[in-house]
Amino acid sequence: MRLHTSVGDGSYGDEMRFIATADWQLGMTASYLTAEARPRFAQARLDVIRAIGELAAERAVDFVLVCGDVFESNQLDRQVVLRAFDALRAVAVPVYLLPGNHDPLDSASIYTSATFRDRCPDHVHVLAEPGPVTVLPGVEVVAAPWSNKAPLCDLVARACADLGPSDDVIRIVAGHGVVDTLNPDRDSLAAISVAALQAQVDAGRIHMCVLGDRHSTTQVTERIWYAGAPEVTDRDETDPGNVLVVDIDTAQPAARVAVERVHVGRWEFEVAARELGSVEDVDALVGWLDGHSGKDRTAIWLKLSGTLSVRDKARLDAALEEQAEIFGSVLIWERHYDLSVVPDDCDFGDLGLTGFADDAVRELVQMAGCEPGGAEAQDALGLLYRLTEASR
Amino acid sequence: MKILRIRLEHFRGITSREIVLQPAGITVVEGPNEVGKSCVPEAIGLIRSYLDSSRAKAVTDVRPVGQDVGPKVELEVVTGPYHLVYTKQFLWRPSTELRILAPRPEQLAGREAHDRFDTLLAETLDPQLWDALQVVQGDSLRQPVLARIEPLRTALGATDAKPGPGGHDALIGRIEQEYARYFTSKTGKVTGDYDATAARVASTRQQVDQLRARLGEAEDRIAQYARIEAELRQVCAAQRPVLRELEELRSRRRRLDELERAAELSRADVERAQATQAEAERAVAQRGELAAEHRRRLDEHEQCEVELSHLEQRCTQQRLDADLAASAAAEAMTAAEQLSARQRAADDALASARAHQDLRLLGDRIGAATAARITAAEAAARLENNPIDDAIVAELQAAQTGLLVAEAKRDAGAPRLFVTSLGGRRIDVDGSTLDADHEAAVTSQSVVEVPGVVRVVVCAGQDGHELVAAAEACAHRWQLLLDRHVIGDLTTARDAAGRRRHDLVERQLARRSLAEALDGDDLDEMRARHEALRDRVLTPVRRTTPSAAASAKCVRGAERAAGLARDAADAAAASAADLRAAAEAAAGVLMLRDVERIKLQQRLDGARVERERTARALQASRDGLSDNELRTVVAHAVKRLHDAVVLHDEGRDELSAAGADELRIVLDNAAAKHERLARDTHELTAQQHRLRGQLDDIEGQGLKDHLDAAGAALDDAERVHGRLAQRAAAVRLLRATFTRHRDDAQSRYVQPFTQALERLGRLVFGPEMRVHVSPELAIESVTRGGVTVPFEALSGGAKEQLAVLGRLACAQLVGAGDGAPVVLDDSLGFADPGRLERMAAVLNEVGQTNQIIVLTCQPDRFRSIGSAVVVRLDAA
């Protein structure tokens, strides 16, 4: 065990330090991104491993613990595994991988595949067996790996069931799954019981518990943490892109645990709600988008509502189309879309439409204001606007 | 627009000419062909379309041939609010000038003038209307395209405001263009990118579905693998208690096997004890049998001895009897022999007597026989010498008779020759000198010759020859007979024959006597017999031969004596034979007795041997095991059998208590259970291996990657397609809405146009005439007298007239203000005079409000138009 001297007031003894992370989801495809942005996003989630490696070196940690869902699935191309290993070689300390619900240790597990077995770097270990594993002298990781996609019990509780007194050993539990306090489905068989886990903590049998599955970094209790995904994967994640640097006092592990969240992710997923009522609103939204730095690593979901004239809507569409080319993606979240297009006098008044053409436009305008067919009529008017734009 | 005046200089054949047109009303421009009536529209076209600098063919075409001048056109028109004069000279000293007289005087030149004129015209004249109202030479049958003419539409649509330049056609065109990006114009089928993205969405979705299915399959297999693993664990767990149970049952089974083996052994023991007992009992029985036999043998021996002693007594008696009988027989025999000797002597005497008698008789017979034989021999010798018998005599006699008869016949028939010598001359008759008279029958020929004198030849006739020959034959036969019997004549013969008969009788008698004497015997034998008999009978002593009587008497006495002796001898012999028979019978009995005795003796010997054998056997048996000991053995065997049976019964009880059957059933069940579990294990393992193989195949295929990639592609495609779909829907709605409104509007226009057309048409075609007009304002059909005829099926005249009527109606509807002049260039050539008359009326009517310019080379055609002003163009 490498020993660290606390940078604090020095009143603490030697410390053990490791990086806790989870949910790398390697091999995940982000279909919501543009085709052009997807490889960049995939690459980013390999790059983040290298970033973790740099952090490990910088903070001189003893090992890296990855709590499940290292891979998006067991059914991945071997190149994903090979690229992951390549990235993992940038991590100089031992890395412990816990099989999660996405990559369980079932009969088709990626961890037992020929590629994995043959090419796995020596410092990378799979926590395949439930129960304690000594990762360093005096340090045990109590692993609760998933052996299939639908376990019928609290795997963490089971892994900890036979633990004796910790004595001189630091015990870190590595688990994966939803904890019951955060799980809306409280009857779920596989939910991790926080109470039971906390009881183990309180009894001093374990000193730290790192969980995977929740991509947002979350502190459940003082010593029970979701490490979160080191790179964002979905728009609903509240605090992704972090890893945890955990310090444990080897002399008094029960006394103090220091958990620091370090942001390593480079991508941002944002959801923006805007009510648009005028050309100024449109311009403000476009300005806001323009103001983003790192657009190519940003995906934006827009919740749009309000009312725009045909002309303003056309302006908005053109602007968003342009921005979508620059950003990782700019998407209008259809479910939250409530933007009406109402033609005003300015839209077609100066076209000099007479007779039947005028009648047709009037009819479309009327249609645009009611359902069903309103959206389509709005589109038709938008199109008419576009077609007549040249003659203005 | 109204054209007020056209001035042409150096324009085709025209050197200089000004044509003034009626601003309202009809101007008929008359002129022969080639003079240039068509120059009017041509000049208007040139001045509108070409810059003065143009050297286009249309421009150069109008230059007068061979003149170095520039064609010049001056046009004075009123259009909209403008009154203007527009002048253009082409090719030579080209120039353009526009003088605007009203509403605000203005003068422009050059390009500016050209552009301004264009602007003013575009502002005030609908080019389509202008085109529609011109009937170009040779194109008079075609209907004008009226539907797109804005002024007409404006005129027809009461509410429409004045449309902007280009109208809505450009917009509709752009909508159509946009529509065509997504749909085919005819059938509205999806096309282009929209179609392609739909196909891409479908194919990508299919790909996603396939991949999802494959992934689902893989996950099913993984789940199945886990299930099998669990099952295997269960089966293994289930196997353990079954194995334990099986083990316990098998040990019970082994114990049971031991019991069965023990029962088997005890049963063998019982069988052995039974055998031993049986054997001992058999030995006892044998011993009893042996003793009994020995006793039987003793009895038998004893009985034999008694029987033998009886038999020997009887034999002794019998021997005595036999001896007595034998001696009696011997005595009788001797007596009989003596009597027999006596009898033989008597017989001898008899024989001797008989021999003597025989000798005598034999001698007699020999003598008689000898004598008879001699007599016979003598007779025979005589006969031998005399063969002439009665037959020969008869033969001789017959021959002699025949000869005589033949000679008589000869002599009677033949010529008779008589010769008598009469002179002394020698006469030769038949060679013989006749010495006497000669008489002879001439039988053949006779020659009488007197030598030197005469020769007479007498010849017999035919009959004479034959008779001579017959006589000669008989004579010959006769001589032969005589010669043969060596006899001289018949008498001698008859004597010889008598002797012969006598001798024959004698010989016969002698032969009979000989036969009597011989009495069948041979003489020589008789002599030998006689010789022998004589030698035997006649002893030297008695060489005499007794007489016959004596010998017979002697014989009779000897016969008597011999008979007596024979009787006595026979009686004695009979008696002796009886006695000997009795003696022989006694001896036979004795012999039988002896045989019997010998047999009995042999039986006795046999019985003794048997007795000794049985005695020995018994002794030997007893020497081996005394009777007492034998009894002990039996008792022991009985006891052992009992013990063995008891032991065996105990074992069987224990075996049945062990429940072999139940154990078998339970054991079988446990074994089957075990087997089934083993089979399950095997099958599950096999399944597991199979699945393992399948999972290994799936491994590394990156199904999830592919699915995600395909899903992303699908999202992309759907996004693109969604956008296109949205736009397509928009354009479809837009187009549909516009088209519908346009069609509605057009159909609203159709009514007033139809009314205007029919009003004019009725002037030409009669009051019942009706037309059907399309929304495009084209005449589709005409109905007259209840018969509807499509426009295209109408006669050329009717088509032309209707086409002109359509233009006139249009011009009338548009009115003078917004209108354009109606130009009819060489039109109505198809019309008959009646129609022409009525068309003239129509033109006159329309001419009240509109400018009409008629260009024609046939002035008569339009003579009937009342208000027409005629302008004549003459050849320059």
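Residues numbered from 1 in each chain as written. Chains lettered and ligands numbered in written order. Predicted model: local features only at pLDDT ≥ 70, side-chain atom pairs only at ≥ 80, totals over all residues. Heavy atoms only, no water.

Draft legend 1. Representation of the overall build of chain B in the model. Across its full length, chain B carries 17 helices and 20 strands. Among the 876 residues that make up chain B, the fraction classed as buried is 38%. Of all intrachain contacts in chain B linking residues separated by at least 6 positions in sequence, the fraction that spans at least 24 positions is 72%. Counting every atom, chain B has about 48,100 Å² of accessible surface; 52% of that belongs to carbon and sulfur. (Helix = DSSP H or I, 4+ residues; strand = E, 2+ residues; numbered from the N terminus. Buried < 20%, exposed > 50% of the residue type's maximum accessible area, 1.4 Å probe, protein only. Contact = heavy atoms within 4.5 Å. Areas by Shrake-Rupley, 256 points an atom, 1.4 Å probe, with all protein chains shown as cover.)

Draft legend 2. Up close: helix H14 (residues 660–698) of chain B. Its 39 residues give H14(B) an end-to-end C-alpha distance of 56 Å, which sits within 8% of 57 Å, the value for a rise of 1.5 Å per residue. Positive backbone phi, approximately 80°, marks Gly700(B), located one or two places after H14(B). (Expected span 1.5 Å × (residues − 1).)

Draft legend 3. Focus on the environment of Thr79(B). Residues and elements named next belong to chain B. Take Thr79: it is sitting in strand S4 (residues 72–79). When its relative accessible area of 1% is taken as the criterion, Thr79 is described as buried. Within the structure, Thr79 has its side chain in polar contact with the side chain of Thr124 (distance 2.6 Å). (Polar contact = N/O pair within 3.5 Å; in protein donor to acceptor, adjacent residues only side chain to side chain.)

Draft legend 4. Examining the nonpolar core more closely. Core analysis: the largest hydrophobic core is formed by 121 residues, its most contacted members being Ile3(B) and Phe738(B). The element contributing the most residues to this core is helix H15 (residues 703–765) of chain B, with 16 residues. With residues up to four places along the chain from it excluded, the contact list for Phe738(B) reads Phe356(A), Ala357(A), Ala360(A), Val361(A), Leu384(A), Leu171(B), Ile172(B) and Ile175(B). Residues Ala56(A), Val70(A), Leu88(A) and Val264(A) belong to the second largest nonpolar core, which totals 34 residues. (Core = buried A, V, L, I, M, F, W, Y, C linked by side-chain atoms within 4.5 Å.)

Draft legend 5. Structural context of the sheet that holds strand S2 (residues 14–20) of chain B. Residue and element names in this part refer to chain B. On the basis of which strands lie adjacent, the open sheet formed by 6 strands has the order S2-S1-S4-S5-S6-S7 and antiparallel pairing. Single-partner strands in this sheet number two, and they are S2 and strand S7 (106–109). Mean inter-strand twist for the sheet, computed between neighbouring axes without regard to direction, equals 10°. The pairing of strand S6 (residues 95–102) with S7 spans 4 bridges and is antiparallel. When the sheet's bridge partners are listed, Ile100 is paired in S7 with Glu106. Of the strands in this sheet, strand S1 (2–11), S2, S4 and strand S5 (82–89) touch helix H1 (residues 39–49), which is tilted by about 90° from S1. Strand contacts of helix H3 (residues 110–124): S4, S5, S6 and S7, with the helix running at about 50° to S6, the strand carrying the most contacts. (Pairing = 2+ DSSP bridges. Axes fitted to C-alpha atoms, helices over the stretch in contact; angles between N-to-C directions.)

Draft legend 6. Inspection of unusual backbone geometry at higher detail. A cis amide bond links Ala102(B) to the next residue, Pro103(B), at an omega of 0°. One can find Pro103(B) in the loop between S6 and S7.

Draft legend 7. Quick look at the interface of chain A and chain B. Between chain A and chain B, the contact holds 46 residues from the first and 47 residues from the second. Each partner contributes to the roughly 3,700 Å² buried at the junction of chain A and chain B, and carbon and sulfur atoms together form 59% of this total. The interface formed by chain A and chain B holds 6 salt bridges in total. Residue Arg727(B) pairs with Glu321(A) through a salt bridge whose shortest N-O separation is 3.7 Å. Contributions of two or more residues to the side of chain A that touches chain B are made by helix H2 (78–88), helix H3 (114–119), helix H9 (355–368) and helix H10 (374–389) of chain A. Residues that form the side of chain A that touches chain B fall into these classes: 20 nonpolar, 14 polar and 12 charged. (Buried area = accessible area lost by both parts, 1.4 Å probe. Salt bridge = Lys/Arg side-chain N within 4 Å of Asp/Glu carboxyl O. Nonpolar A, V, L, I, M, F, W, Y, C, P; charged D, E, K, R; others polar.)

Draft legend 8. Local environment of the sheet that holds strand S7 (residues 139–143) of chain A. Residues and elements named next belong to chain A. Taken in spatial order, the 6 strands of this open sheet run S6-S7-S8-S9-S11-S10, and their pairing is mixed. The open sheet terminates on both sides in strands that have one partner only, identified here as strand S6 (131–136) and strand S10 (218–219). Pairing of S6 with S7 involves 5 bridges; the strand directions are antiparallel. Paired with Gly131 across the strands is Ala143, a residue of S7.

Draft legend 9. Here's a closer look at the side chain of Thr614(B). All names here are of chain B. Looking at where Thr614 falls in the secondary structure, it is placed in helix H12 (residues 548–624). In terms of polar contacts, Thr614 uses its side chain to reach the side chain of His294, at 2.6 Å. Of the polar contacts made by the side chain of Thr614, one reaches the backbone oxygen of Arg611; its length is 2.9 Å. In contact with Thr614, other than residues within four places in its own chain, are Glu293, His294 and Arg297.

Draft legend 10. Representation of the packing of aromatic side chains. Residues and elements named next belong to chain A. Under the defined criterion, the tally for this structure stands at 16 aromatic pairs over all chains. Ring centres 5.0 Å apart and planes at 70° place the aromatic pair Phe41 and Trp267 in the edge-to-face group. With Phe41 in helix H1 (residues 38–59) and Trp267 in the loop between strand S13 (257–263) and strand S14 (268–276), the pair connects residues that are 226 residues apart, well separated along the chain. Trp267 carries the same exposure label as Phe41, and that label is buried. Three or more aromatic residues joined by ring pairs make a cluster, and in this case those are Tyr32, Phe41, Trp267, Phe269 and Trp301. Over the aromatic face of Trp288 sits the side chain of Arg274, whose NZ or CZ is 4.5 Å from the ring centroid. (Phe/Tyr/Trp six-rings, centres within 6.5 Å; stacked < 30°, edge-to-face > 60°. Lys NZ or Arg CZ within 6 Å of the ring centre and 35° of its normal.)

Draft legend 11. Quick look at a nonpolar patch on the surface. Residue and element names in this part refer to chain B. Nonpolar side chains collect at one region of the surface, where Val453, Val454 and Val456 lie side by side and expose about 210 Å² of accessible area between them. With respect to the helices, strands and loops of the structure, Val456 is situated in strand S14 (residues 454–459). Taking the relative accessible area as the measure of exposure, Val456 reaches 36% and is therefore partly exposed. (Patch = residues over 30% accessible without salt bridge, like charges linked within 9 Å, V, L, I, M, F, W, Y side chains within 5 Å.)

Draft legend 12. Structural detail: H1(A). Residues and elements named next belong to chain A. With 22 residues, H1 should reach 32 Å at 1.5 Å per residue; the first-to-last C-alpha distance of 31 Å fits that figure. The complete set of buried residues in H1 reads Arg38, Phe41, Ala44, Arg45, Leu46, Val48, Ile49, Ile52, Gly53, Leu55 and Ala56. In the stretch just after H1, Ala60 is the one whose phi turns positive, near 50°.

Draft legend 13. Summary view of the packing of helix H8 (residues 390–413) of chain B against helix H10 (residues 490–518) of chain B. Residue and element names in this part refer to chain B. One can describe the packing of H8 onto H10 by two numbers: an axis separation of 9 Å at closest approach and a directional angle of 165°. Classified by the interaxial angle, the pair formed by H8 and H10 is roughly antiparallel. In this structure, the crossing between H8 and H10 has a hand that is left-handed. Contacts between H8 and H10 involve Asp390, Val393, Leu396, Gln397 and Gln400 on the former and, on the latter, Leu490, Ala493, Arg494, Ala497 and Arg501. Considering only residue class, the contact of H8 with H10 consists of 5 nonpolar, 2 polar and 3 charged. (Parallel < 35°, antiparallel > 145°, perpendicular 65-115°, else oblique. Left-handed = near helix turned anticlockwise from the far one by under 90°.)

Draft legend 14. How the structure looks around the pattern of salt bridges. Residues and elements named next belong to chain B. Within this structure, the stated rule accounts for 75 salt bridges over all chains. Taking the shortest distance from any N to any O, the salt bridge between Asp716 and Arg719 comes out at 2.8 Å. Placement of both Asp716 and Arg719 in helix H15 is noted, with a separation of 3 residues, approximately one turn of the helix. A salt bridge links Glu758 to Arg762, with the nearest nitrogen and oxygen atoms 3.4 Å apart. Linking Glu758 with Arg762, this pair stays in helix H15, spanning 4 residues, or about one helical turn. When salt bridges that share partners are traced, they join Arg5, Arg7, Glu9, Glu18, Glu74 and Glu76 into one network.

Draft legend 15. Up close: the pairing of S7(A). Residue and element names in this part refer to chain A. Burial analysis of S7 places 5 of its 5 residues in the buried class, the great majority of the element. The side-chain alternation of S7 yields two buried faces, one formed by Val139, Val141 and Ala143 and the other by Glu140 and Val142. Here S6 hands over to S7 after 2 residues, with Gly138 in that stretch at a positive phi of 85°. As paired elements, S7 and strand S8 (residues 170–176) share 5 bridges and run parallel to each other. Opposite Val139, over in S8, you have Ile170 as the bridge partner. Between S7 and its parallel partner S8, the chain crosses via helix H4 (residues 155–160), and the hand of that crossover is right-handed. (Right-handed = clockwise from strand over helix to strand, strands pointing away.)

Draft legend 16. Structural detail: the confidence of the model for chain A. All names here are of chain A. For chain A, mean pLDDT is 87; residues scoring 70 or higher make up 94% of the total. Ranking the helices and strands of chain A by mean pLDDT puts strand S3 (residues 63–66) first, with 96, and strand S1 (residues 4–5) last, with 44. Contacts of residues 1–13 to residues separated by more than four positions or lying in other chains number 25 contacts, the stretch itself having pLDDT below 50. (pLDDT = per-residue confidence, 0-100.)

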